[in-house]
Amino acid sequence: MTGDSPTLSTPDRGCWCLAPPDPDWASYTLGVFICLSCSGIHRNIPHVSKVKSVRLDSWEDVQVEFLASRGNAVARATFESQVPPFYYRPSASDCQLLREQWIRAKYERQEFTHPERQEPYSAGYREGFLWKRGRDNGQFLSRKFVLTEREGALKYFNRSDAKEPKAVMKIEHLNATFQPAKIGHPHGLQVTYLKDNSTRNIFVYHEDGKEMVDWFNALRAARFHYLQVAFPGASDADLVPKLSRNYLQEGYMEKTGPKQTEGFRKRWFTMDDRRLMYFKDPLDAFARGEVFIGSRESGYTVLDGLPPSTQGHHWPHGITIVTPERRFLLACETESEQRAWMEALRKVVDRPMLPQEYAVEAHFKHKP
């Protein structure tokens, strides 16, 4: 700011898009303070939002007065007045696509002030074509997808005129999470479901970012309505965290077999709640194996390092997972990766098990 312009300050200066503290930017057409990350997205919708730096740019008195009269609380009451409970509200750590579409949905399309514009993800039925990675050849091919709340399922078809779906994914056991880096596309979505109580992955994307985020929120809406029926006494606040989940930790580690006599092999590991899965390749459809991680009270422990007699590992930073049945020996390449895995595993072990998780544990114990 220059000259004798009024001071830019409001009692609610947090970025109301993604909520980091003390943002340095503001939209002088919307009357909100925003962070650096959001400012770049706002610049892409100049017909709706025009931004300036709070500290570096010159401000006219009328612009400062408009910001003072509006502010983030007033804007939130306007532009977020009718956000469906199932709609995913991204954080600053989420991928660019989620953050951009959240901002566009609020300002550009005003979906949360005009509920009829929420039809693409709130109707309970959706069909369209997505690019899906082939399970065996790794090529992305166009496939027809149908989501139907009435049947409680997401289906896909190998041919648009096919009568029978190639796969039926029950909403009850479905999860979706954006994985642009892993999939190699900025709109890449990983969908997982249980097939014979084992995790099956499919990887999809759409060139249109809005289309992909609409699919994601349609899946969350279907999950929300399923859980409302399954748990009629639960509040929205209880159900929303269960609609979709990001993985607790992912990355490469080395592992050895149950006899701990063979050499260690590099595998891609994914920590999905209490399921620790390992894959030969990050984009494999099925895990090579899954380990159930229970609670400390049930005999599960995570130890720093490997037993002194351990041989065959190339990476120096070991982790030992103790379960009631056996020990799993893992090795990380770097100390920071080891610390991250230890933290993720111990968070799960320190959490008491829910009644339904004992049934999952029993299934793992009886696996051949």
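Quantities reported herein were computed from a predicted structural model and do not represent experimental measurements. (Residues numbered from 1 in each chain as written. Predicted model: local features only at pLDDT ≥ 70, side-chain atom pairs only at ≥ 80, totals over all residues. Heavy atoms only, no water.)

A.B. asks: Which parts of the structure should I look at to understand the overall build of the protein?
C.D. replies: When its secondary structure is counted, the protein shows 10 helices and 17 strands. On the principal axes, the C-alpha backbone points of the protein span a range of 75 × 55 × 45 Å. Sorting the 368 residues of the protein into buried and exposed places 50% on the buried side. Considering only intrachain contacts with a sequence separation of at least 6, the fraction spanning at least 24 residues in the protein is 51%. Counting only carbon and sulfur atoms, one obtains 50% of the accessible surface of the protein, whose full area is about 17,900 Å². Positive and negative side-chain charges in the protein, numbering 51 and 47 respectively, have mean positions lying 6 Å apart. (Helix = DSSP H or I, 4+ residues; strand = E, 2+ residues; numbered from the N terminus. Buried < 20%, exposed > 50% of the residue type's maximum accessible area, 1.4 Å probe, protein only. Contact = heavy atoms within 4.5 Å. Areas by Shrake-Rupley, 256 points an atom, 1.4 Å probe, with all protein chains shown as cover. Lys, Arg positive; Asp, Glu negative; His and termini not counted. Charge placed at Lys NZ, Arg CZ, Asp CG, Glu CD.)

A.B. asks: What should I look at first to understand the packing of aromatic side chains in this one?
C.D. replies: A ring pair, where both rings are aromatic, is described by two values, the distance of the centres and the angle of the planes. All chains considered together, the criterion is met by 19 aromatic pairs. Considering the side-chain rings of phenylalanine 86 and phenylalanine 224, the 6.4 Å spacing of their centres and the 50° angle between planes classify their relative orientation as tilted. Taken together, the positions of phenylalanine 86 in the loop between α3 (71-79) and α4 (96-108) and phenylalanine 224 in helix α7 (residues 209-230) put the pair 138 residues apart, joining distant regions of the chain. Centre to centre, the rings of tyrosine 87 and tryptophan 102 are 5.9 Å apart; their planes meet at 35°, and the pair counts as tilted. Of the two residues, tyrosine 87 is situated in the loop between α3 and α4 and tryptophan 102 in helix α4; the sequence distance between them amounts to 15 residues. By relative accessible area, which is 2% here, tryptophan 102 ends up buried. (Phe/Tyr/Trp six-rings, centres within 6.5 Å; stacked < 30°, edge-to-face > 60°.)

A.B. asks: Sorry if this is basic, but what is going on with the UniProt feature "domain: PH" (unreviewed entry) in the protein here?
C.D. replies: Per the UniProt record, "domain: PH" (unreviewed entry) is annotated on residues 123-224 and 246-350. Helix and strand shares over residues 123-224 are 20% and 45% respectively, and the end C-alpha atoms of the span are 13 Å apart. (UniProt positions renumbered as here; feature names shortened; annotations may be inferred.)

A.B. asks: Is there a simple way to explain the sheet that holds strand β2 (residues 32-34) in this structure?
C.D. replies: In a beta sheet, neighbouring strands pair by backbone hydrogen bonds and run either parallel or antiparallel. Sheet architecture is open: three strands sit in the order β2-β1-β3, paired in antiparallel fashion. Bordering the open sheet on either side are β2 and β3 (51-53), each of which pairs with just one other strand. Strand-to-strand twist of the sheet, defined as the mean angle between neighbouring strand axes without regard to direction, takes the value 30°. Sheet topology note: the strand β1 (residues 25-27)/β2 ladder contains three bridges and is antiparallel. (Pairing = 2+ DSSP bridges. Axes fitted to C-alpha atoms, helices over the stretch in contact; angles between N-to-C directions.)

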